[in-house]
Amino acid sequence: YEAPSTNTEHTLVGIWADLLNMEADTISAAANFFNLGGHSLLTVRLASDIRAHFEIDVPVHTIFETPCLRELAAVIEQGQQVSVYPPLVAVARESEQQPVSFAQQRLWFIDNLQGGSPEYNMPMAFEVEGDLQLETVKAVFHTILARHEVLRTIYVSEQGETRQHIRSMSECDFDIQVTDLSHLEGDVLT
């Protein structure tokens, strides 16, 4: 065991303890994140926590390359492979249509080449046991739609230019279709 010796190391010990559900005083400055139980999903959370505590961005690949607490602290302190990003702010909506991002352009191009393939859709069916509170389900989906603009966004192409249009909630009326299969029995349902 090697005790943390810098403020950065002490802060990282606290972050690791929260993520790994460990006591902070058991985490050595020489410890390896992955040997203590860290994994790829926790690495993403670690990068987010580092961003929140130190107000800098350490790429996930840097955490994989420097999994030792002391080495990672040194990366943070020295600013190696670290980018400082401005805070995210809401974009002013000057018009109903906004430009698309580069990633959106690529997906739009691929979608047009494939002729409207459902490849990027994720349709699902849910099995519900007991009474279905349909109005509650509708209210939940309405809240999700209101909160996430991307779920209300459509893409329009005019004169060779693709733009995104974020629909208002009044334009997003929907209905949930329910198929009652309770009259079926046995293996038919599986």
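It should be emphasised that the depicted structure is a prediction, and the values quoted were computed from it without experimental measurement.

**Details of the environment of His61**
Tracing the backbone through its elements, the reader meets His61 in helix α3 (residues 60-65). On the accessibility criterion, His61 (44% relative accessible area) is partly exposed. For the pair His61 and Val44, spaced 17 residues apart in sequence, the C-alpha to C-alpha distance is 9.7 Å.

**What to know about unusual backbone geometry**
Backbone geometry places Asn21, a non-glycine residue, at a positive phi of 55°. Position of Asn21 among the secondary structure elements: in the loop between α1 (7-20) and α2 (40-54). Taking the relative accessible area as the measure of exposure, Asn21 reaches 73% and is therefore exposed. Here Glu55, not a glycine, exhibits a phi torsion of approximately 55°, which is positive. Looking at the secondary structure, you find Glu55 in the loop between α2 and α3.

**Here we look at the pattern of salt bridges**
Pairing is possible between side chains of opposite charge, provided their charged atoms come close. In the structure shown here, the tally under the stated rule is five salt bridges. A salt bridge links Arg70 to Glu9; its shortest N-O distance comes to 3.2 Å. Of this pair, Arg70 sits in helix α4 (residues 69-78) while Glu9 sits in helix α1; the two residues are 61 residues apart in sequence, bridging distant segments of the chain. You can call Arg70 partly exposed: its relative accessible area is 29%. For Arg51, the salt bridge is made with Asp57, and the minimal N-O distance between the two is 2.7 Å. Under the relative-accessibility criterion, Arg51 is labelled partly exposed at 39%. Residues joined in a network through salt bridges with shared partners are Glu2, Glu9 and Arg70.

**Points about a nonpolar patch on the surface**
A contiguous nonpolar surface patch, about 510 Å² in accessible area, is contributed by Leu107, Phe109, Ile110, Leu113 and Tyr120. Within the element layout of this structure, Ile110 appears in helix α5 (residues 102-114).

**Let's talk about the pairing of strand β2 (residues 153-158)**
Sheet topology places β2 next to strand β3 (residues 161-166); six bridges connect them, and they run antiparallel. Across the sheet, the residue bridging to Thr153 is Ile166, located in β3. What sits between the antiparallel neighbours β2 and β3 is a turn of two residues, in which Gln159 has the positive phi angle 55°.

Parameters and conventions
- Residues numbered from 1 in each chain as written.
- Predicted model: local features only at pLDDT ≥ 70, side-chain atom pairs only at ≥ 80, totals over all residues.
- Heavy atoms only, no water.
- Helix = DSSP H or I, 4+ residues; strand = E, 2+ residues; numbered from the N terminus.
- Buried < 20%, exposed > 50% of the residue type's maximum accessible area, 1.4 Å probe, protein only.
- Salt bridge = Lys/Arg side-chain N within 4 Å of Asp/Glu carboxyl O.
- Patch = residues over 30% accessible without salt bridge, like charges linked within 9 Å, V, L, I, M, F, W, Y side chains within 5 Å.
- Areas by Shrake-Rupley, 256 points an atom, 1.4 Å probe, with all protein chains shown as cover.
- Pairing = 2+ DSSP bridges.

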